[in-house]
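Architecture and fold: a report
The residues making up each chain are set out below.
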Amino acid sequence: MAYWLSNLSALLFLLQSSLKSAAKPPPPTSIFSRMTQSFRSSSSNLAIGIIRQFEAKYPAILFKQQLTAYVEKIFGIIRDNLKKELSINISHCIQVAKSSKGTAINPFEESHGNCSPASHWGGIVESMNKFLGILKENFVCASSACSEIFTQIFAYINAQFFNSFLIRRECCTLSNGEYVKYGLIELELWCAQATRRGSSWGELKQTRQAVAFLILQEKSSISYDQITNELCPVLSVQQLFRLCWLFRDDKYNTPNVSANVIASMKLLMSDGSEDDGGSTFLLEDDISIPFTAEDVLVSMQVKEFAEVKPAAELVENPAFPIFTPLYRNGNLHYKIRCLKSVI
């Protein structure tokens, strides 16, 4: 899938660069429609010599529409495949809290067939490293869409762990907060080491703030304003109420937040001043295409593919070379042959 994603995205880019519209098209409605419409305007970002354009006829327009649909489909397949692989270790991490039965969790303690709880976080990192390697091998990382895919993957991880705090009493404990904090450190290190991962770390903000609440000492002395303004500013009052209501200190048996804090939350929820439009307090998994047209256009440059060597059978075909290398003043440029004959 990564191979076809790389090739079809490049072909879609080249195709749109060769098309010339006689009339101004209507405003696009989908992300990939905006992407293909604005390819031409961003062609100046490329090290290109000459682009011959031709009027778009029905076969070319139909081909472009089908190509766009394939690219959208492949993006979704790649994203969902990684989610499916990660879900196994995410489920294991959540099950660690359930199987602890109220006892403190040691990430390095062997359990479940000599498998430590820390190994589940290692499995998440290992899956993302393998996935990133496949994208690099197939030149998908030439597009910033790669980093945006990881942004959506981190949003998926965030939703799974944050929701587990709000619906599973055994997950809303001090020891589990410390366990998830260990995993967050591993993910933060991965984001720092894996370049061009965009805003992936920022997608974990709900989980990070929930963990900060779970591991906070002396909760009974903290005020409602401190919780909402300093500790957990992105969480809604409904989400905070669930955390406070379900929380249990399974290590030191310290008291929860004060009754005044709980009363303030109940009052805000009952009078409608914290109305969230009727949406649930749980986070939803976003299945949309997670990047914009501009992200793809800015990053797709011919120089990213300079080292890609086509198969010998293709090179021998006179109709194949779309990119023709040109050396000017010691710099490598490219001339794009018109795609009219190909279509």
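Bear in mind that the values here come from a model prediction, so they are computed numbers and not experimental data.

Brief notes about the environment of Val125
Relative to the elements of secondary structure, Val125 occurs in helix 4 (residues 117-137). On the basis of relative accessibility, which here comes to 14%, the residue Val125 falls in the buried class. Once you skip the residues sitting within four places of it in the chain, Val125 turns out to touch Glu186, Leu187 and Trp190.

Observations regarding unusual backbone geometry
With a phi angle near 55°, Glu218 is a residue other than glycine that sits in the positive phi range. By the secondary structure assignment, Glu218 is in the loop between helix 7 (205-214) and helix 8 (224-231). Glu218 gets classed as exposed once you look at its relative accessible area, which sits at 59%. Within the chain, Asn253 stands out as a residue other than glycine whose phi angle is a positive 60°. By the secondary structure assignment, Asn253 is in the loop between helix 9 (237-246) and helix 10 (259-271).

Describing the packing of aromatic side chains
Under the criterion given, the structure shown has seven aromatic pairs. Geometrically, the ring pair formed by Phe150 and Trp190 is tilted, given 5.1 Å between the ring centres and 45° between the ring planes. Here Phe150 is found in helix 5 (residues 145-167), whereas its partner Trp190 is found in helix 6 (residues 174-193), with 40 residues between them in sequence. The two residues Phe150 and Trp190 agree in class, both being buried. Aromatic rings pair up to connect Phe131, Phe150, Phe154 and Trp190 into one cluster. Here Arg169 stacks its cationic end above the ring of Trp245, 5.3 Å away from the centre of that ring. The lysine or arginine in question, Lys219, covers the ring of Phe213, its NZ or CZ lying 5.3 Å from the ring centre.

Points about the environment of Phe162
If you trace the backbone, Phe162 turns up in helix 5. A sequence separation of 46 residues divides Phe162 from Arg208, and the C-alpha atoms of the two residues are 8.7 Å apart. Discounting chain neighbours no more than four positions away, the residues touching Phe162 are Gln206, Thr207, Ala210, Leu235, Gln239, Phe281 and Leu283.

Conventions and cut-offs
- Residues numbered from 1 in each chain as written.
- Predicted model: local features only at pLDDT ≥ 70, side-chain atom pairs only at ≥ 80, totals over all residues.
- Heavy atoms only, no water.
- Helix = DSSP H or I, 4+ residues; strand = E, 2+ residues; numbered from the N terminus.
- Buried < 20%, exposed > 50% of the residue type's maximum accessible area, 1.4 Å probe, protein only.
- Contact = heavy atoms within 4.5 Å.
- Phe/Tyr/Trp six-rings, centres within 6.5 Å; stacked < 30°, edge-to-face > 60°.
- Lys NZ or Arg CZ within 6 Å of the ring centre and 35° of its normal.

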